[in-house]
Amino acid sequence: MQSNRKSIIAYVSIIFSMIFWGISFVWTKELLNANFPVFLILTIRLAIASLLMFSVFKLMGKLERIEKTDLPKFFLLALFEPFLYFIGENFSMHFVDASFAAIMIALLPIVNPIALHIFNKDKIGWNLLFGAVISVIGIMIMSTNPEGEIKISWQGTLLLLLAVFAGSGYSVILSRLINKYNPITITTTQNIVGILYFLPCLLIFDLDKISSVVWTKDAILSLVFLAIFCSAGAFMLYSYSAKLLSVIKVSIFTNAIPVVTIIVAIILGQELFSFLKVLGILIVVSGLLLSQFGFKKRRKI
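Calculation criteria
- Residues numbered from 1 in each chain as written.
- Predicted model: local features only at pLDDT ≥ 70, side-chain atom pairs only at ≥ 80, totals over all residues.
- Heavy atoms only, no water.
- Helix = DSSP H or I, 4+ residues; strand = E, 2+ residues; numbered from the N terminus.
- Buried < 20%, exposed > 50% of the residue type's maximum accessible area, 1.4 Å probe, protein only.
- Contact = heavy atoms within 4.5 Å.
- 1 Å grid on protein atoms, 1.4 Å probe; cavity = no way out; pocket = protein on both sides within 12 Å on 5 of 7 lines; lining within 4 Å.
- Points joined across faces, edges and corners; volume = space filled by probe spheres on them.
- Nonpolar A, V, L, I, M, F, W, Y, C, P; charged D, E, K, R; others polar.
- Phe/Tyr/Trp six-rings, centres within 6.5 Å; stacked < 30°, edge-to-face > 60°.
- Core = buried A, V, L, I, M, F, W, Y, C linked by side-chain atoms within 4.5 Å.

Account for the overall build of the protein, naming residues and giving values.
Each helix and strand in the protein was counted, giving 12 helices and 0 strands. Sequence-ordered secondary structure for the protein, helices as α and strands as β, is α-α-α-α-α-α-α-α-α-α-α-α. Out of the 301 residues in the protein, the part that is buried amounts to 50%. Sequence-distant contacts in the protein: of pairs separated by 6 or more residues, those separated by 24 or more amount to 90%.

What follows is the structure in structure tokens.
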């Protein structure tokens, strides 16, 4: 009974994590429209999230002391994600269409089990891989351009591959930390270290662009929402789910992110409702369900 309750909480947590990350594209678009450079967005959202989490959870006594031997793992964790992952994903959009980017990022749940098997000797369930492949097919259908044209370039493809491999690296390191530290400690430390990576990039590449930023009420709210719900909440929920289920099991849920994004975009009138989008969403959800439950072997009497 207790095990079932924990599983339900884990699945609810990962679903909300995907919802927050799916909506993040709407808030990010709001900031880009206000001339916010990418490194400024990422640095501020991490700073707000880190300050909030450290202040609240330090007072509550929820932050654990990190052993010196584990510090390199936390620096590696933050290097993979958010740093390298966000660089690959955000800057690839200058070279490729969003549909192609969604398809490339959808490869992550396929690469993740392979990486975890190579580096951690984790067992790969065939239902996981099969479900991941089905969800990728769903995203390909969902992302189909009505004109049948997809913008692709070698620069964009390399940046997206960087994001995919960074995401896999994050999964490998996270799997080595979740059994030792709680999700609050992992996410808070990850965000603080992330600032150390992004701040030099902001000062070198985007400092001269700050003067053209339009500080509207909507832009400020978007930054706060990105910090609270995405950089803090989503990562904590993801780590919590991974702790209860497994990194392999929860990683496939990243393919639900474009589903959430498209649904929100349709509601806001930014995307048109179509049969292919509905079909793609249903296939993605089917793949996710298959990856979690799989098939049971029939017992011989």
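Here the narrative resumes, following the displayed structure.
Tell me about the layout of surface pockets, residues and numbers included.
Here the idea is plain: a probe the size of a water molecule rolls over the atoms and shows the empty space left. Size it by volume and the second largest pocket reaches roughly 240 Å³. Those elements that provide at least two residues to the lining of the second largest pocket are helix H1 (2-33), helix H11 (257-267) and helix H12 (275-293). Per-element accounting of the lining of the second largest pocket gives the leading share, 5 residues, to H12. Residue classes in the lining of the second largest pocket are distributed as 12 nonpolar, 1 polar and no charged.

Explain the packing of aromatic side chains to me, using residue names and the numbers behind them.
Counted by the stated rule, this structure contains 17 aromatic pairs. Taken together, a centroid distance of 6.1 Å and an interplanar angle of 50° make the contact between tyrosine 11 and phenylalanine 253 tilted. Residue tyrosine 11 is located in helix H1, and its partner phenylalanine 253 is located in the loop between helix H10 (247-251) and H11; the two are separated by 242 residues in the primary sequence. There is no split in this pair, since tyrosine 11 and phenylalanine 253 are both buried. Each residue in the set Phe39, Phe83, Phe91, Tyr197, Phe198 and Phe205 is aromatic and connected to the rest through ring pairs, giving one cluster.

Let's hear about the environment of methionine 142: which residues, and what values?
Along the chain, methionine 142 turns up in helix H6 (residues 126-142). Separated by 142 residues in sequence, methionine 142 and valine 284 have C-alpha atoms that sit 9.0 Å apart. Those residues in contact with methionine 142 that sit more than four places away from it in its chain are Pro258, Val259, Ile262, Leu276, Lys277, Gly280 and Ile281.

Tell me about the nonpolar core, residues and numbers included.
Counting 78 residues, the largest nonpolar core has Met18, Trp21, Phe36, Leu174, Ile186, Phe198 and Tyr238 as the members making the most contacts within it. Top element by residues in this core is helix H7 (residues 154-177). It accounts for 9 residues. Not counting chain neighbours up to four residues away, the residues in contact with methionine 18 comprise Tyr238, Phe253, Thr254, Ala256, Ile257 and Val260. One finds Ala49, Phe57, Ala227 and Met236 within the second-largest nonpolar core, a separate group that totals 7 residues.

The analysis is restricted to geometry; functional conclusions fall outside its scope.
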